[in-house]
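If you want the building blocks of each chain, they are given just below.
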Amino acid sequence: MLTMDGKDKPTLRGSSLQLPGSPEDVSPSRSRLVKGLQILQQQQQPQTPIPQSPAVPPSNHSEYFLNRAGSSGVPSPATPSPSAPQSPPAPGDKVHSLPQELLDSGWRKFWSRREGKEYFFNKFTKQSMWEQPPIGSPAGGASRHDPLGIQIEEPTTPTPTANSSQSSGSASGIKRRHSSNEEPLSPSVKQVDLKGPFWDFTIMTNAQIYERLPCKMPPPHNDMESQRANMTNRLRMQYQELCQQREGINAPKESFNRWLMERKMIDKGSDPMLPSNCTPPVSPSMMREIMSDIPVKLYRPKINQDARILLSKYAESAKKMVQTRNTSAESRKVVMWNAEDAFRWLRRQPYSSIDEYMKRLAHLKEHCGPHLCSAAKTSVEGICMKMYNLSCETAKRLHTKHWDILKEHQIEEPPETAKAPPKRKYQCYPAQMLVPSPRLPNVDVSEEGDMTTISYQGREKMRITKQHLKKLDMLYRLHCREDPFRHNFLPRVWCLLRRYQTFFGLAESEGHSQQGALPARVLKTLSEQFGVTFEWFASPLNCYFKQYCSAFPDTDGYFGSRGPMLDFHPFSGSFEANPPFGEELMDGMVKHFEKLLGDTTEPMSIAVFMPDWRNPVPEALKNLEASKFKQRQVTLSAFEHEYKNGIQHSCKSENLYHKAVHGTIVIFLQNEAGNKIWAPNDKRVNALLESFRIGTDEQSPRRSSNHEHRTPGPKEAKARRVDLERSNSDHDQPSSSGESTKEGETHGGNPD
């Protein structure tokens with residue numbers, strides 16, 4: 001501290017060092033003190049921090065989001081107020097080495113470590129440019145995008161947004177733009193990553209649509225997906241209990257999943273998965289499947305004794321059913337007589353073959369089935385009605401809870417509007433959410449080998465392969481523009497996996513048949529030969545193109561989904577359709593395609609893949625084969641082609657493919673203009689059939705020798721026979737192993 005001692009000589013208290021009053025009296029001690037005072041004065045002056053360009057997010061997702069939890073995103077350099085007098089920039093201050101007019105407008109100059117050159121950033125509008133903006137350029141008009149400030153130019157054909165009324169200007173100068181003309185690329189996305197072992201996101205769409213309204217569903221939230229999973233599992237258990245209590249049978253396998261698909265085709269409710277507003281309320285799909293298992297579930301037995309027991313059990317159950325139910329005298333008489341006749345036949349034929357037992361069982365079911373269905377109709381309708389009412393109550397509770405969570409973030413439910421958007425043509429764009437999404441809760445990420453585990457609150461763990469997580473990352477970067485820093489990426493991946501796991505069901509292999517897909521080599525051939533760029537039935541987990549329709553627009557829209565297929569109405573393009581094998585869904589699909597092809601004169605082509613069911617023939621297949629738009633039909637034999645596993649995102653590589661247990665019919669629906677461009681001639685069809693040949697996927701992991709499915713050519717037959725004989729001699733039990741494998745494949749589930 002400085003003091004005055006009366007002789008006008010300032011001194012430092014507690015020190016022998018003095019400052020002479022005469023400027024000529026100079027000493028080394030004085031020089032050191034003056035330098036220290038200058039440093040102290042500089043430290044007390046306000047300084048402008050020099051922000052650094054944020055680095056590209058690291059590959060470890062959990063570390064990145066942990067580090068970004070408290071970040072504000074794009075750097076915002078602090079500068080003095082424009083109204084206050086400003087001093088010239090200090091020497092070497094490259095950030096502020098700009099004309100004063102540009103500094104007042106918020107422009108600053110930074111160095112891009114990724115590109116190795118300077119760029120200009122506006123701290124007010126978050127706009128960035130490669131060249132210095134001219135003096136007097138407007139400050140507004142740019143959209144905030146990514147840590148390095150990549151700016152998107154408006155495309156020639158604009159993509160509508162949920163808030164299309166907001167206009168945006170553009171600053172003059174050369175903006176930092178992307179290599180893709182259709183959709184932006186994040187700074188860490190490389191062009192080579194757009195092609196993977198089972199996806200190709202470089203293929204641009206040729207599907208055109210008219211502008212459509214955004215989705216009004218509330219955005220997904222981790223807490224709601226967890227609650228929806230618990231309530232849906234409770235519904236599954238209640239379905240099982242109702243079937244046990246009222247009919248004495250187990251709920252038909254995957255009947256609940258097919259009920260969800262069939263109901264959502266006509267549902268107009270608010271929940272993305274559970275039906276809540278359907279007409280009629282009684283599901284024909286659920287009722288038909290329960291009826292088929294009354295009085296007992298039929299199956300193909302493997303030994304004679306099981307076949308004999310099955311016939312006896314069916315006759316006994318049918319007899320008991322007409323005795324305890326309110327049935328007509330005629331029905332009771334017919335059922336009782338046929339049941340007694342079956343018992344007499346069993347006593348006379350104690351050692352019959354399986355085929356004889358099954359033939360007798362078919363005869364009994366043919367004569368007793370209609371009377372048993374009549375007796376059980378009221379009870380089964382009660383089961384279906386009860387399940388619908390329970391679903392409505394669950395959907396209502398979920399809807400209320402979901403909006404309570406959003407209101408905590410000051411997000412209100414939008415009002416109802418029936419105003420149709422203007423009829424303007426666009427390249428098809430992803431489903432857009434009208435309701436904004438809050439910042440989602442954090443999730444935990446751990447890696448083990450090729451698998452990544454994403455868990456929420458430490459208990460609900462979702463597994464996904466690293467390749468599929470990379471694929472979801474690409475889709476998110478390409479399509480999700482409202483989350484440029486990907487704060488919500490991992491939480492939304494968890495919501496996506498949780499939603500599909502809820503839809504699949506509780507059992508180990510339940511629901512997987514509804515998610516099967518064509519091999520990547522087949523879709524690649526369809527794109528090369530028939531111009532296909534769009535999948536009607538897919539999900540972010542199994543899609544090949546970046547444009548597709550899926551079941552859930554709220555969870556899938558952030559990853560490029562165009563929404564449910566019945567809500568998608570293109571008027572031009574080439575498409576592929578491989579539907580889940582539900583009769584009502586396939587029937588609705590055919591009617592939808594017929595309407596689309598009939599309402600347009602633009603070129604349109606649809607390659608439809610259907611199961612070759614002939615006993616009985618589904619109504620959808622009848623209508624498809626009789627369609628006036630059918631240009632060609634080919635059939636693939638059973639066990640000679642394959643599909644990808646329904647849980648390809650979490651299964652092992654050796655389980656990635658499975659043989660089709662029935663034939664597959666490929667039908668090409670095209671209007672006149674589409675046939676001129678993508679006609680299914682012999683060359684194109686042969687290329688498609690060749691791609692279906694088992695073992696031609698070079699990018700897929702090859703199976704072990706015991707599970708090799710590739711059909712040998714004529715020159716390989718002899719060598720392959722020798723290899724099989726050698727393998728059989730090593731395993732000691734070749735015949736039993738082969739029979740068990742074939743039998744297991746024969747009774748497998750549907751590929752879709």
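Note that the coordinates shown come from a computational prediction; the quantities given were computed from them, not determined experimentally. (Residues numbered from 1 in each chain as written. Predicted model: local features only at pLDDT ≥ 70, side-chain atom pairs only at ≥ 80, totals over all residues. Heavy atoms only, no water.)

On to the overall build of the chain, then. Across its full length, the chain carries 19 helices and 19 strands. Out of the 752 residues belonging to the chain, those deemed buried represent 48%. Within the chain, counting contacts between residues at least 6 apart in sequence, those at least 24 apart form 70% of the total. (Helix = DSSP H or I, 4+ residues; strand = E, 2+ residues; numbered from the N terminus. Buried < 20%, exposed > 50% of the residue type's maximum accessible area, 1.4 Å probe, protein only. Contact = heavy atoms within 4.5 Å.)

Among the six residues of strand 3 (residues 107-112), five are classified as buried, and the element is accordingly described as predominantly covered. Pairing geometry for strand 3 and strand 4 (residues 117-122), over six bridges, is antiparallel. Across the sheet, the residue bridging to Trp-107 is Asn-122, located in strand 4. (Pairing = 2+ DSSP bridges.)

All chains considered together, the criterion is met by 29 salt bridges. Two residues, Glu-225 and Arg-499, come together in a salt bridge whose shortest N-O distance is 2.6 Å. With Glu-225 in helix 4 (residues 222-247) and Arg-499 in helix 11 (residues 489-504), this pair connects stretches of sequence that are 274 residues apart. Residue Arg-499 is classed as buried on the basis of its relative accessible area, which comes to 0%. Each of Glu-225, Arg-228, Asp-271, Arg-499 and Asp-554 takes part in one network of salt bridges that share partners. (Salt bridge = Lys/Arg side-chain N within 4 Å of Asp/Glu carboxyl O.)

A few words now on the packing of aromatic side chains. How two aromatic rings sit relative to each other is given by the distance of their centres and the angle of their planes. Per the counting criterion, the structure on display carries 26 aromatic pairs. Judged by centre distance (6.3 Å) and plane angle (45°), the rings of Tyr-239 and Phe-256 are tilted. Residue Tyr-239 is found in helix 4, and its partner Phe-256 is found in helix 5 (residues 255-264); the two are separated by 17 residues along the sequence. Across the pair, exposure class does not vary: Tyr-239 and Phe-256 are buried alike. Consider the rings of Phe-256 and Trp-259, whose centres lie 5.3 Å apart with planes at 50°: the pair is tilted. Of this pair, Phe-256 and Trp-259 both sit in helix 5, three residues apart, which is roughly one turn of the helix. Exposure remark for Trp-259: the relative accessible area of 1% places this residue in the buried category. The cationic tip of Lys-423 hangs over the ring face of Tyr-210; the distance from NZ or CZ to the ring centre is 4.9 Å. (Phe/Tyr/Trp six-rings, centres within 6.5 Å; stacked < 30°, edge-to-face > 60°. Lys NZ or Arg CZ within 6 Å of the ring centre and 35° of its normal.)

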